[in-house]
Amino acid sequence: MRLSDENLRGRTIIAADGKVVGEVGTLFLDSTSFRVESFQVKLDKPIAELLGTPHSLFRPGVIEVPVSLVQSVGDTLVLNVAVEGLRQVLPVDTEAPGLH
């Protein structure tokens, strides 16, 4: 199945544990192969809070998810990891808390 960026944007994303994670935002392409390598997920507020990602009333928490974590694409995107598994794609803090 062939999908365009416009068709994917805004689709609901569901984790392997059945929880709604959020929706598809921007797609990121590899500049040499022109294949989608990852996509931005605009996280639902409860998931952003669970994962500890920054968010506000007017700006959702976002993460970048590699396409390798996608199990299937249809009316929704289904991931092959549970919500807790998304911690693996969170940015790593360069400075540990409490160390200055």
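Residues numbered from 1 in each chain as written. Predicted model: local features only at pLDDT ≥ 70, side-chain atom pairs only at ≥ 80, totals over all residues. Heavy atoms only, no water.

Visitor: Help me understand the layout of surface pockets, please; the structure alone is not making it clear to me.
Guide: Where empty space is left in the structure can be found by rolling a water-sized probe over the atoms. Here the largest pocket defines a volume of roughly 230 Å³. Leu3, Leu8, Leu27, Val36, Phe39, Val67, Val70, Val73 and Leu77 together form the lining of the largest pocket. Taken together, the elements giving at least two residues each to the lining of the largest pocket come down to strand E3 (36–43) and strand E5 (70–73). Residue composition of the lining of the largest pocket, by class: nine nonpolar, no polar and no charged. (1 Å grid on protein atoms, 1.4 Å probe; cavity = no way out; pocket = protein on both sides within 12 Å on 5 of 7 lines; lining within 4 Å. Points joined across faces, edges and corners; volume = space filled by probe spheres on them. Helix = DSSP H or I, 4+ residues; strand = E, 2+ residues; numbered from the N terminus. Nonpolar A, V, L, I, M, F, W, Y, C, P; charged D, E, K, R; others polar.)

Visitor: In this structure, what is going on with the sheet that holds strand E2 (residues 20–29)? I would like to understand it.
Guide: Pairing between the strands of a sheet is mediated by backbone hydrogen bonds and can be parallel or antiparallel. The six strands lie next to each other as E4-E3-E2-E1-E6-E5, forming an open sheet whose pairing is mixed. Looking along the sheet, the strands with just one partner apiece sit at the ends: strand E4 (62–66) and E5. Pairwise comparison of adjacent strand axes, ignoring direction, gives a mean angle of 35° for this sheet. Examined bridge by bridge, E5 and strand E6 (residues 77–79) share three bridges and lie antiparallel to one another. Within E6, the position partnered with Val73 by the bridge is Leu77. (Pairing = 2+ DSSP bridges. Axes fitted to C-alpha atoms, helices over the stretch in contact; angles between N-to-C directions.)

Visitor: How do you make sense of the pairing of E4 when you look at a structure like this?
Guide: For a regular strand, side-chain orientation follows a simple rule: the groups alternate between the two sheet faces. The two faces of E4 differ: Ile63 and Val65 on one face are buried, but Val62, Glu64 and Pro66 on the other face are not. Alignment of E3 against E4, held across five bridges, turns out to be antiparallel. Directly across from Val41, in E4, lies its bridge partner Ile63. (Buried < 20%, exposed > 50% of the residue type's maximum accessible area, 1.4 Å probe, protein only.)

Visitor: Got a minute to help me understand the nonpolar core in this structure?
Guide: Nonpolar side chains tend toward joint burial in soluble globular proteins. Within the largest apolar cluster, 21 residues are counted, with the highest numbers of intra-cluster contacts made by Ile13, Val21, Val41, Leu43, Ile63, Val65 and Leu86. Elements that contribute at least two residues to this core include exactly E2, E3, helix H2 (45–51), E4 and E6. Each residue touching Ile63, except ones within four places of it in the same chain, is listed here: Phe39, Gln40, Val41, Leu43, Thr53, Leu86, Val89 and Leu90. (Core = buried A, V, L, I, M, F, W, Y, C linked by side-chain atoms within 4.5 Å. Contact = heavy atoms within 4.5 Å.)

Visitor: Help me understand the confidence of the model for the protein chain in this model?
Guide: Summing up the model confidence of the protein chain, the mean pLDDT is 87 and the portion of residues at 70 or higher is 90%. Across the protein chain, strand E1 (residues 12–14) holds the top mean pLDDT of 97, while helix H1 (residues 5–8) sits lowest at 84. Predicted confidence for residues 94–100 stays below pLDDT 50, and this span has one contact to residues more than four positions away or in other chains. (pLDDT = per-residue confidence, 0-100.)

Visitor: What am I meant to see in unusual backbone geometry here?
Guide: A positive phi is found at Phe34, a non-glycine position, where the angle reads about 60°. Locating Phe34 in the fold gives a position in the loop between E2 and E3.

Visitor: Any chance you could explain a nonpolar patch on the surface here in plain terms?
Guide: Where nonpolar side chains cluster on the molecular surface, the patch consists of Leu29, Val36 and Val67 and spans about 220 Å² of accessible area. If you trace the backbone, Val36 turns up in strand E3. (Patch = residues over 30% accessible without salt bridge, like charges linked within 9 Å, V, L, I, M, F, W, Y side chains within 5 Å. Areas by Shrake-Rupley, 256 points an atom, 1.4 Å probe, with all protein chains shown as cover. Salt bridge = Lys/Arg side-chain N within 4 Å of Asp/Glu carboxyl O.)

Visitor: Even after reading the chapter, I still don't get the environment of Lys45, so can you show me in this structure?
Guide: With respect to the element layout, Lys45 can be found in helix H2. With relative accessibility at 54%, the residue Lys45 sits in the exposed group. Between the C-alpha atoms of Lys45 and Asn7, which are 38 residues apart in sequence, the distance is 23 Å.

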